[in-house]
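Listed below, chain by chain, are the residues.
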Amino acid sequence: PDPRPKHSRRSCLVTLAALALAGILVTLRGWDLILDHALESGTIATGQGIFMGIKTWADDHSGKYPDSILGEKATANMVFRELFKLDIMLDERVFSTARSPYIPDGELGSAPDYFKALEPGENHWMLVAGLSNASPGRTPLFFENALDTSWPPKWRHGFFMPHVRGRSWRGKKIVVGFNDGSIRLVTLKKQG
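As the structure is a computational prediction, the values presented were derived from the model and not from experiment. (Residues numbered from 1 in each chain as written. Predicted model: local features only at pLDDT ≥ 70, side-chain atom pairs only at ≥ 80, totals over all residues. Heavy atoms only, no water.)

Q: How should I be thinking about the overall build of the protein in this particular structure?
A: Each helix and strand counted, the protein has two helices and four strands in total. In terms of overall size, the protein is more extended than a compact globule, its C-alpha atoms giving a radius of gyration of 23 Å where 192 residues would be expected to give roughly 16 Å. Taking the principal axes of the C-alpha coordinates as reference, the protein spans close to 90 × 40 × 25 Å. Within the span of the protein, comprising 192 residues, buried residues form 36% of the whole. Considering only contacts in the protein between residues 6 or more positions apart, those separated by 24 or more positions represent 53%. Within the structure as shown, the protein displays about 11400 Å² of accessible surface, and the carbon and sulfur contribution to it stands at 62%. (Helix = DSSP H or I, 4+ residues; strand = E, 2+ residues; numbered from the N terminus. Rg over C-alpha atoms; globule rule 2.2 N^0.38 Å. Buried < 20%, exposed > 50% of the residue type's maximum accessible area, 1.4 Å probe, protein only. Contact = heavy atoms within 4.5 Å. Areas by Shrake-Rupley, 256 points an atom, 1.4 Å probe, with all protein chains shown as cover.)

Here it is as structure tokens:
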């Protein structure tokens, strides 16, 4: 027989159970951070594809970006649709990301207009109008969807709210594509 009192054995078991639970929670937290990093990296890679599409279009149009032919009322969806018209982009699912509320249906419509490509609710990205290859490299060219289309754009700290318009990643960051080709996570600053 064990000479220790019963409450001593019980507290030992409780301590072991608490340690096991803590270990499981730490493991889950680590896995969560790894998954988040992978999703962020995927969004950055998506941004690189979009940047290459815009630059390819500009190479055929004297360095100007697609919004230059559409006028002031052009939306990002209309601008990005121009990439389909030249067969630079072939699949609209490139314009969505993990945890985005914007999910393309995969239907482009027929050439030459591709009128069904990037209809409302199918594009995660916003575009800064009026830029070209000649614009400064550190100028933001496109970024993840904001709460609305007003300027300056605003986002909500919504990492734990997937599929919500204008939400940021962990650490209040969003993915921004710059005119020099760099695509990065940028930390948002609180204003007002």
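Read on, since the account is not over.
Q: Help me understand the sheet that holds strand β1 (residues 125-127), please; the structure alone is not making it clear to me.
A: Strand pairing in a sheet relies on backbone hydrogen bonds. The paired strands run either parallel or antiparallel. With antiparallel pairing, four strands are arranged side by side in an open sheet as β1-β2-β3-β4. A single partner strand is all that each edge strand has here, and the edge strands are β1 and β4 (183-187). Sheet twist, expressed as the mean angle between neighbouring strand axes with direction ignored, is 30 degrees. Across five bridges, strand β3 (residues 173-178) lies against β4 in antiparallel orientation. Across the sheet, Lys 173 pairs through a bridge with Thr 187, a residue of β4. (Pairing = 2+ DSSP bridges. Axes fitted to C-alpha atoms, helices over the stretch in contact; angles between N-to-C directions.)

Q: Please clarify how the confidence of the model for the protein should be interpreted in this entry.
A: Should pLDDT be low for a region, the predicted coordinates there are not to be read in detail. With 91% of its residues at a pLDDT of 70 or more, the protein has an overall mean of 87. By mean pLDDT, the top-scoring element of the protein is strand β2 (residues 140-144) (95), and the lowest-scoring one is helix α1 (residues 6-59) (82). (pLDDT = per-residue confidence, 0-100.)

Q: Quick question: what am I supposed to make of unusual backbone geometry here?
A: With the exception of glycine, most residues fall at negative phi, and the peptide bonds are largely trans. Here the residue pair Ala 111 and Pro 112 is connected by a cis peptide bond, since its omega of 5 degrees sits within 30 degrees of zero. Mapped onto the elements, Pro 112 comes out in the loop between α2 (76-85) and β1. In this structure, the amide linkage connecting Trp 151 to the following residue, Pro 152, adopts the cis form with an omega of 0 degrees. With respect to the helices and strands, the residue Pro 152 is situated in the loop between β2 and β3. Positive phi values are uncommon outside glycine, yet Asp 87 reaches one of about 60 degrees. Tracing the backbone shows Asp 87 in the loop between α2 and β1. Using a relative accessible area of 49% as the deciding quantity, one classes Asp 87 as partly exposed. At Lys 172, a position not held by glycine, the phi torsion is positive, near 55 degrees. Mapped onto the secondary structure, Lys 172 falls in the loop between β2 and β3.

Q: Could you clarify how one ought to interpret a nonpolar patch on the surface in this entry?
A: Where nonpolar side chains cluster on the molecular surface, the patch consists of Leu 13, Leu 16 and Leu 19 and spans about 330 Å² of accessible area. With respect to the element layout, Leu 16 can be found in helix α1. (Patch = residues over 30% accessible without salt bridge, like charges linked within 9 Å, V, L, I, M, F, W, Y side chains within 5 Å. Salt bridge = Lys/Arg side-chain N within 4 Å of Asp/Glu carboxyl O.)

Q: What is the right way to look at the pattern of salt bridges in this model?
A: Pairing between side chains becomes possible if they bear opposite charge and their charged atoms approach one another. Scanning the entire structure with this criterion turns up five salt bridges. The shortest N-O distance in the salt bridge between Glu 107 and Lys 116 comes to 3.6 Å. For Lys 116, a relative accessible area of 22% translates into the label partly exposed. Note that Arg 138 is salt-bridged to Asp 180, the shortest N-O span being 3.7 Å.

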